[in-house]
Amino acid sequence: MASSFDFASWPPDLSNTQLDELRLNATRFALANGLLYLPPHPPSGPPPATPSSAIHAPLSLVPSPLPRHLFEQAWNIQRVYNHVYARVAMDYDFLDKVLGAEQGVGKVDDFVGKLWKGWKAIRDDGVQSGLHLGIFRSDYLIHDGTELKQVEFNTISSSFGTLSERVARLHRYLARTTDYFGTSPALSNLSNFPENNTTKGVVQGLAEAHKAYLSSAEKTPAILFVVQPNERNVFDQLWLEYELMESHGIKIHRRTLTELASSASLHASGALIIDGTIEVSVVYYRAGYTPNDYFGEDEWNARFLLERSNAINCPSIPLHLAGSKKIQEVLTQPDVVERYLPPSSSPSTSSDLRRTWQKMFSLDVPRAIQNATEGHLNFVLKPQREGGGNNVYHTNIPNFLQSLPVHERAAWIAMELIRVPAGVGGYLVRSGADPDAPVTRSEIASELGIFGWALFGDGEVKKEDTVGWLVRTKGKESDEGGVATGFSVLDSLVLV
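In this text the structure is predicted, and so the values were computed from the model without any measurement. (Residues numbered from 1 in each chain as written. Predicted model: local features only at pLDDT ≥ 70, side-chain atom pairs only at ≥ 80, totals over all residues. Heavy atoms only, no water.)

Quick look at the sheet that holds strand β16 (residues 413–416)
Here we have 4 strands laid out as an open sheet, ordered β13-β16-β14-β15, and antiparallel in their pairing. Among the strands making up the open sheet, the edge pair consists of β13 (360–362) and β15 (392–393). As defined by bridge partners, β13 adjoins β16 across 3 bridges and the pair is classed as antiparallel. Bridged to Phe361 within β16 is Ala414. (Pairing = 2+ DSSP bridges. Helix = DSSP H or I, 4+ residues; strand = E, 2+ residues; numbered from the N terminus.)

Remarks on the environment of Leu35
Considering the arrangement of structural elements, one finds Leu35 in the loop between α1 (16–32) and β1 (36–37). Assessed through its relative accessible area of 0%, Leu35 is described here as buried. Put simply, Leu35 and Pro421 are 386 residues apart on the chain and 28 Å apart in space, counted from C-alpha to C-alpha. If we skip the residues at most four places from it in the chain, Leu35 touches Ala30, Ile55, His56, Ala57, Leu59, Leu163, Arg166, Val167, Leu170 and Leu490. (Buried < 20%, exposed > 50% of the residue type's maximum accessible area, 1.4 Å probe, protein only. Contact = heavy atoms within 4.5 Å.)

Comments concerning the packing of helix α6 (residues 198–214) against helix α7 (residues 234–248)
Following both chains from N to C, one finds α6 and α7 inclined at 65 degrees, their axes separated by 9 Å at the closest point. The pairing of α6 with α7 is recorded here as roughly perpendicular in orientation. Along this stretch, α6 crosses α7, giving a crossing that reads as right-handed. Contact residues: Thr199, Lys200, Val202, Val203, Gln204, Leu206 and Ala207 in α6; Trp239, Leu240, Glu243, Leu244, Ser247 and His248 in α7. Looking at the contact of α6 with α7, its residues break down into 7 nonpolar, 4 polar and 2 charged. (Axes fitted to C-alpha atoms, helices over the stretch in contact; angles between N-to-C directions. Parallel < 35°, antiparallel > 145°, perpendicular 65-115°, else oblique. Left-handed = near helix turned anticlockwise from the far one by under 90°. Nonpolar A, V, L, I, M, F, W, Y, C, P; charged D, E, K, R; others polar.)

Re the pattern of salt bridges
All told, the structure shown has 20 salt bridges when counted by the stated rule. In this structure, the salt-bridge partner of Arg286 is Asp236, at a minimum N-O distance of 2.7 Å. Of this pair, Arg286 sits in the loop between β11 (278–285) and α9 (297–308) while Asp236 sits in helix α7, and the two are 50 residues apart along the sequence. The buried category is assigned to Arg286, whose relative accessible area is 3%. When the shortest N-O distance is used, the salt bridge between Glu447 and Arg472 registers 2.3 Å. (Salt bridge = Lys/Arg side-chain N within 4 Å of Asp/Glu carboxyl O.)

Functional significance is not addressed by these values, which are geometric in nature.
Right, dumping it as structure tokens:
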């Protein structure tokens, strides 16, 4: 279905006086409603043990336009993705072949190889995997103004759900209080602002896993959040903690991998115990997705200890590995994803999925280097990393490929660039911005993320759901899109 919306006409023109009013209202709303970050701390020392201040998260004053049918397409297909990645994570032979350190990407990628070797050792010791929990986010861009194309599928630390819910509420608030000064019919109709209840949805997945664990618990358990030290994006996590306590009566404990190296242990029954007395039902990772989270063997040993336990890991190591760019690429190959579709799939399910994919190929296949070099303006190169700042784009590709050792090519994939609509603008605000230019009008690209979860094990998906969405908007001068790495702002949608 072609879109008749004129993306280049966005955003509506707003005067400086109108922008000042929107910025004031948005800042007050963000501070009053927990749309917050901790401020940067001086490089000369660590942050204070007890925070005394906060700043609003980077945000957009006007929601980004998205054709309604593309939003519905992304929402409706998420449940298929929930099943596909859960079923991939239960196919150990497939993961061993694609990502293992004996015959897969783990041979040349140290981080993937370390994860796989630890998981293999656990299996070799006869530890039986139980239930897994996945909290997923499938990210998309609009291609050529008319098609929805997947950027990546996240299986670990799928963040910003709670803050994005608050940005959606912020834009509804601005629409109600200012009507955006009558500058756009789309912004004057609240039915164009989709509801966002990501917090409750993500928490429901965590609570279902906790409930599933209770039958084997020896004492009242808690959920463990594995976090990064000095985390600035702590409020995005705390809203989940508060909802778990208020709606489900579940306690949360936050620990870094370094802290768990000395505080976590296994009971003879396999129960995960922290601080000597606290039994853990679910391990929810908001860390561990980057090599930078593992300062040494202590952190790796902590990760593998958690994996050995009876606690339900979110994600388990196989699910973490399933979220790699290599798996994303292999699924696009003929007759692969069809092996992992849910049993209730219709004849069109495979084509519905494949319609959301761009062309991808590994850099270790014949002619890959030549094709990527000659077509470098049409591709992005991706390694097996999460967190932003890792990809190679455009004119940087030829020199990078010349310097890439042959044995490392298997660790990289080439993906055809998604051509986002040209001329789309936005009004972007960062806390602490230049007081002479507090609002930046920039040409933008907006990325839609759809949240889902799945509880699975023993070869089947027990429960799953689609639960929410986010939008991250970046200036088109930036190729990366991670809010936590400083490249973009949080946004929401107006459906057109």
